[in-house]
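If you want the building blocks of each chain, they are given just below.
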Amino acid sequence: MIPKVVVVMFPGLNCESETMVALKSAGMDARIVRWNELDKLSGFDGYVIPGGWSFEDRIRAGVIAAKDPVMNLIREESEKGKPVLGICNGAQILVESGLIPGIENRVQFGLAPSKYGYKCIWTKIKSVNKKGSCAFNSSINENEIIPIPIAHGEGWFITKEKGLLDDLIQHRQVVFRYCNQIGEFDETFPTNPNGSTCNIAALSNPRGNVVAIMPHPERASFVRQLPDLQIKRGSCGDFEKMESATSGIKIFESMKSFIRGRAEK
Amino acid sequence: MSVIELYVELKGYDATEITAFQVLKRLGFSELEKLKRREFYSFGINADAEKFKEKISAVDLLVNANKHLSSFELDKNSGAVFVKVQNELDDCSRLLKTLKQRLDFGEIESLKRGILWGLQLRSKNKLEMVKQITEILLVNKNFQNYQIIKGNEREK
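Here is what the cut-offs are and how they apply
Residues numbered from 1 in each chain as written. Chains lettered and ligands numbered in written order. Predicted model: local features only at pLDDT ≥ 70, side-chain atom pairs only at ≥ 80, totals over all residues. Heavy atoms only, no water. Helix = DSSP H or I, 4+ residues; strand = E, 2+ residues; numbered from the N terminus. Buried < 20%, exposed > 50% of the residue type's maximum accessible area, 1.4 Å probe, protein only. Polar contact = N/O pair within 3.5 Å; in protein donor to acceptor, adjacent residues only side chain to side chain. Expected span 1.5 Å × (residues − 1). Arc of directions from axis to C-beta. Contact = heavy atoms within 4.5 Å. Salt bridge = Lys/Arg side-chain N within 4 Å of Asp/Glu carboxyl O.

A. How the structure looks around the side chain of asparagine 129 of chain A. Residues and elements named next belong to chain A. Mapped onto the elements, asparagine 129 comes out in the loop between strand E6 (119–127) and strand E7 (145–152). A relative accessible area of 4% places asparagine 129 in the buried class. In this structure the side chain of asparagine 129 is engaged in a polar contact, spanning 3.0 Å, whose partner is the backbone oxygen of arginine 172. Among the polar contacts made by the side chain of asparagine 129, one reaches the main-chain carbonyl oxygen of valine 174 at a distance of 2.9 Å.

Structure follows, in structure tokens:
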């Protein structure tokens, strides 16, 4: 079974093509559908909202898209247990729509302007839960470190709700956290590139099928994308090696496994 | 210490203001007649207020006369209800440093900034509706706060 997934395109998003390439490379049938083509959006096995600047980040990053009727459809599909991934601006949209953390049907988190302004740099994130605890980590070992780039100005996961953060940690809704080279959660820049609370890089809903991730896995999915020249040098001149997969693709492969697992049930 | 508030708006179309208005209409707030967006700067100063207003109006850091209109008063007779939205994590330290060190505004003791929304509604219960609109669209209470201002009355 080849899962059919859709990249939901809002005006101003700009990572749809590379997200689709990564999804296809992970073994899924991916296509891009615009936010206003509601009739074409139902019936997919999974949904991805890519990065960019939806509606030019007017008012607050992601808030205009979060109020769009298409989010009702995505909410309904997520309630059926289908996987939904929001990357960067997609994550901001999921948070502003209340789908993340999704404990109550309201906005319980914010993605505030980063402490250090807009940053476009490589970071490291650590998978802090057991394999398969959510729809996007079944191919990733617990404590595995993934090099991954960020490109955002508003990525500071923050909440004012008392006890919510402890609940999220206890219920394994914190999926990835920014870490240093040896996996420690250093709270200073550049390990924590935006000041995010508890170094949170990705959050899920209680069911684990909806995840908001601020770094870009689609930009860390192939050898050609890596900043590490040593790895690249060994692949220079070899097209297949340059196009071979790296750790970011595991997030999309996990999505594929999750969809297949659902279909088998 | 006296407090001076500077309000800055675009002379031309403000795309954010138009988008917010359209989204609110779509969300069912048909009583909303007009929405106006301005940036505001609230200065705590230790100097003569009129001299400070002249001085701050003359520098083009906050106001570019080619594209902005500025004022020091809210139009309280317009019938609008105003909402001040502030990012709680923004201490304005970089702007304050620039004003003090590079532009010689040593008289500024404190600075706050944010967005001032002006809403004109047909509703009988204006304040309640403004609160709803603010919490649905204009504010994320996890890192922002707001203050509703109607004429001289203030409600938190």
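B. Expanded view of helix H1 (residues 15–26) of chain B. Its 12 residues give H1 of chain B an end-to-end C-alpha distance of 16 Å, which sits within 8% of 16 Å, the value for a rise of 1.5 Å per residue. Those residues of H1 of chain B that sit buried are Thr16, Glu17, Thr19, Ala20, Val23 and Leu24 of chain B. Down the axis of H1 of chain B, the smallest arc covering the buried residues is 165°, so these residues share one side. Each element contacted by the buried residues of H1 of chain B is listed here: helix H2 (63–66) of chain A together with strand E2 (32–45), strand E5 (108–121) and helix H4 (126–138) of chain B. Two or three places before threonine 16 of chain B, at the start of H1 of chain B, stands the capping residue aspartate 14 of chain B, its side-chain oxygen 3.0 Å from that residue's backbone nitrogen.

C. Region of interest: the pattern of salt bridges. Summed over all chains, the structure comprises 22 salt bridges over all chains. Taking the shortest distance from any N to any O, the salt bridge between arginine 224 of chain A and glutamate 243 of chain A comes out at 2.6 Å. With arginine 224 of chain A in the loop between strand E11 (210–213) and helix H6 (229–233) and glutamate 243 of chain A in the loop between helix H7 (239–242) and helix H8 (249–264), the pair connects residues that are 19 residues apart, well separated along the chain. The exposure class assigned to arginine 224 of chain A is partly exposed, which follows from its relative accessible area of 34%. Linking lysine 36 of chain B and glutamate 9 of chain B is a salt bridge whose minimum nitrogen-to-oxygen distance equals 3.2 Å. Of the two residues, lysine 36 of chain B sits in strand E2 while glutamate 9 of chain B sits in strand E1 (residues 2–10), which places them 27 residues apart along the sequence. Through salt bridges with shared partners, one network takes in Glu9, Glu17, Lys36 and Arg38 of chain B.

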